[in-house]
Amino acid sequence: MSRCDGCRVEVEGDWSSCPLCGTPLDTDQSAPAAVPEPFPAVPLGYSRRRVFRVLFLTSLAVIVGSFIAQLLFVRDADGIGAARSVWLGLCAMWLVAIMAISKRHNIAKGTVWLVVLIGGVCAYWDYLTGWNGWSLDWAIPIVCGCSIIALLITVRVMRTEVGDHILYSALTVALGLAPVGFLWLGWLSRPIPSVACGIVAVLALAFLQVARGRPVRTELAKRLHL
Amino acid sequence: MNKSATGRTWVRLDNVSNIFLAARTDADPKVFRLAAELTEPVDPERLQRALDATYDHYPLYHAVLRSGVFWYYLQASDLRPVVTAEDHHTCAPLYQTDKRNLLFRVSHHRRRINLEVFHALSDGAGAMRFLTDLVSAYAADSAPAVEPEVEPQRGLSIDSFTHYFRRRRHTPDPAFDAAAESAALGVADTLPAAPRPRWRVGRLIRPRIRVHRVKGTRTPDNRTRAVELSLPAKDMLELARAEGVSPTMYLTGVFFESVRRSAGDLGRARTFVASVPVNLRQFYPSSSARNFFATVLVSHTYGIGADDLGSVCRDLEAQFRPKATPKALEKKLRRLIRVEKSPILRIVPRPVKDVVLGWLNQAHNRHLTVAVSNLGRVTFDEPAESLVERIGFHVSAARPQFCAITHAGTLVVTFTSPFSETDHVAEFARILTGAGIRVRVGAARVTESELAEVIR
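Thresholds, definitions, all that
Residues numbered from 1 in each chain as written. Chains lettered and ligands numbered in written order. Predicted model: local features only at pLDDT ≥ 70, side-chain atom pairs only at ≥ 80, totals over all residues. Heavy atoms only, no water. Pairing = 2+ DSSP bridges. Helix = DSSP H or I, 4+ residues; strand = E, 2+ residues; numbered from the N terminus. Contact = heavy atoms within 4.5 Å. Axes fitted to C-alpha atoms, helices over the stretch in contact; angles between N-to-C directions. Buried area = accessible area lost by both parts, 1.4 Å probe. Salt bridge = Lys/Arg side-chain N within 4 Å of Asp/Glu carboxyl O. Polar contact = N/O pair within 3.5 Å; in protein donor to acceptor, adjacent residues only side chain to side chain. Nonpolar A, V, L, I, M, F, W, Y, C, P; charged D, E, K, R; others polar. Expected span 1.5 Å × (residues − 1). Domains from an automatic or database assignment.

**Observations concerning the sheet that holds strand 7 (residues 112–118) of chain B**
Residue and element names in this part refer to chain B.
Here is step 1: In space, the 5 strands of this open sheet follow the order 5-6-7-2-12, with mixed pairing throughout. Each of the sheet's edge strands pairs with one partner strand only, and the pair in question is strand 5 (84–85) and strand 12 (388–395).
Here is step 2: Pairing of strand 6 (residues 104–109) with strand 7 involves 6 bridges; the strand directions are antiparallel. Looking at the pairing, Ser 107 lines up with Asn 114 of strand 7.
Here is step 3: Lying over the sheet, helix 3 (residues 124–140) contacts strand 2 (31–38), strand 6, strand 7 and strand 12, oriented at roughly 30 degrees with respect to strand 2.

In structure tokens, the structure reads:
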């Protein structure tokens, strides 16, 4: 073992200078270190988490900024033009991408987020282009209906535990009932996609109630436990 | 078919443990490590067998942490722990939001077996039992001969809590329930009735004291700086006895002195405050491995009285002794139980709780200079006792801290800090070696230049 004259301590391992005060150590070269270092030398890792957090927050700021900036322009189908469409499209795609990445640990949770985000972006885009109603007629029912089917398949294929997805699956199905609400309120000019989505949601709801009624109730009781 | 996860048993996380979730940062992930250094290199396969056997007896360690709307909760899992070679820096983060992994890890490096635990799961004294059983199983290379941890708990009349919170709940795993139960509530029934607590203004308004806080350079990748000092326990005890103080307060006094020496001019911040956790199990019998401690604060202001080491130690001892009596601790325990049962805290949504607890913790940290923790003396049963050479103990830290543990006459004091500097450790070692004690230093490499010596 080497020795530090400054601190008068014995140092374990192959330190060339004292880990406490930095003074070069008396190393007896003939005798190899009898006591190895108690900790392994782990290479420095740059904090990936911090990089991701910065990227995430900057992206989010740029996207939200871009969406808000649209309000400064003319609001109609002609005014939107090719450049703004590409701009909005890129922002929407990037938003979906970062949300999918940040929620990748729970596929069901991610799906809920995506349905809400995509639905919101479509409605906003529709509003910017002078409100033709395409988002409510087509986009939202199609996204909701497809996500329910996709989620039911995914949790089965990935063998996700019931408790891990049930709450979010139920939420996705509930979102699937929203287009039926639009129909009820008379907001739609083309009811077929919404009706189809509603049927899918009701079927999924019936399936959840019959096959998974008990897990849903226990999970809800657990999550909302006071 | 998958087993229904909702059929799994779960217990909500107590407020005390919730602090560790709210207070964790990149530099301080609230993970602590217990390490057993053996007399021979560790055999990974044998260790895995020992871990498998021990794990089966500790339902609490099967828990994963999940979040609800109002609480975090511990949920039993089917995961199995896998022994790994030590490839992380010490006290690397264990809990990650949304990831369902176990809240402890077992690794090995040369002759060492390391057990790292997320503090929300257990405290040092609770985890020591797991390490003891793990090492015993390793030594015997068979299942531990000790009684499973859950047995005595069933016998004890556990708490109003069980009835109070779980009247309607289906519990398929009573062993997990008992093990994951809040330790403070577990002893709530054993306390005598107390008068209603009264709020005193004095408790809310603190006198303005300038508390000295250690500043430094953060380590390059936020890893914990850990330095281990090993010394003969007997020699340190003699020094403490000569000053007429307990070993913990002696070490705390030396710590204050070394921080003071390394700080140079103290300026106006001349009060040093240390937080010292006291294991409540010694006064309130509980076999729970959950967090069960109360912290006691001791302080010394330099420049207004005698500042030599002996006087500082006696000053600290005079403050610590009355605060660590069963009567004083009962008050703290009562407060813990009250917090646990508080109806207001129960309806606060969890994200809000996280933010508020985080702030409270930061405010508390501003009044602390250092933290110390002494786990005392540990022994193993044969054949493990003769297999173990040293035991180490340390915790990730938001400020300079030391953890001490004694085994077979060797006291290991491990300093941890979020900063690269080790000046205060050097001063600490010099004070001890100056008193004629033989000190051995083991350190984890943290800075680029330290690592460059060995990694090419």
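**Regarding the sheet that holds strand 2 (residues 9–11) of chain A**
Here is step 1: With mixed pairing, the 9 strands of this open sheet are ordered in space as 1(A)-2(A)-15(B)-8(B)-14(B)-13(B)-11(B)-9(B)-10(B). Of all strands in the sheet, those with a lone pairing partner are strand 1 (2–4) of chain A together with strand 10 (293–301) of chain B, marking the two edges. Pairs of neighbouring strands in the sheet enclose a mean axial angle of 25 degrees, with direction left out of account.
Here is step 2: Sheet analysis places strand 8 (residues 225–232) of chain B next to strand 15 (residues 440–443) of chain B, joined by 4 bridges and oriented antiparallel.

**A look at the interface of chain B and chain A**
Here is step 1: The partner chain A presents 47 residues to the 66 residues of chain B that form the contact.
Here is step 2: Summed over both partners, the interface of chain B with chain A buries about 5100 Å², with 53% contributed by carbon and sulfur atoms.
Here is step 3: At the boundary of chain B with chain A, the tally comes to 5 salt bridges.
Here is step 4: Residues Glu37(A) and Arg445(B) are paired through a salt bridge, measuring 2.5 Å at the closest nitrogen-oxygen approach.
Here is step 5: At the boundary of chain B and chain A, one finds 18 residue pairs in polar contact (both at pLDDT 80 or more).
Here is step 6: Per-element tally for the side of chain B that touches chain A: the top contributor is helix 16 (residues 423–434) of chain B, with 7 residues.
Here is step 7: A per-class count over the side of chain B that touches chain A returns 23 nonpolar, 17 polar and 26 charged.

**Observations regarding helix 3 of chain B**
Here is step 1: Here helix 3 of chain B is 17 residues long and its end C-alpha atoms lie 24 Å apart, about the 24 Å a rise of 1.5 Å per residue gives.
Here is step 2: Among the residues trailing helix 3 of chain B, Asp141(B) stands out with phi positive, at a value near 50 degrees.

**Some remarks on the domain arrangement of chain B**
All names here are of chain B.
Here is step 1: Partitioning chain B into domains gives domain 1 (5–190) and domain 2 (207–452).
Here is step 2: Here domain 1 and domain 2 have C-alpha centroids that lie 23 Å from each other.
Here is step 3: With both chains or domains summed, domain 1 and domain 2 bury close to 5400 Å², and 57% of this area falls on carbon and sulfur atoms.
Here is step 4: Between Glu 389 and Arg 111 there is a salt bridge whose closest N-O contact spans 3.4 Å.
Here is step 5: Taken together, the links from domain 1 to domain 2 amount to 26 residue pairs in polar contact (both at pLDDT 80 or more).
Here is step 6: Elements that contribute at least two residues to the side of domain 1 that touches domain 2 include exactly helix 1 (15–23), strand 2, strand 4 (72–76), helix 3, helix 4 (150–155), helix 5 (160–165), helix 6 (174–180) and helix 7 (183–186).
Here is step 7: Here the element with the most residues in the side of domain 1 that touches domain 2 is helix 3; it accounts for 12 residues.
Here is step 8: Partitioning the side of domain 1 that touches domain 2 into residue classes produces 41 nonpolar, 17 polar and 14 charged.

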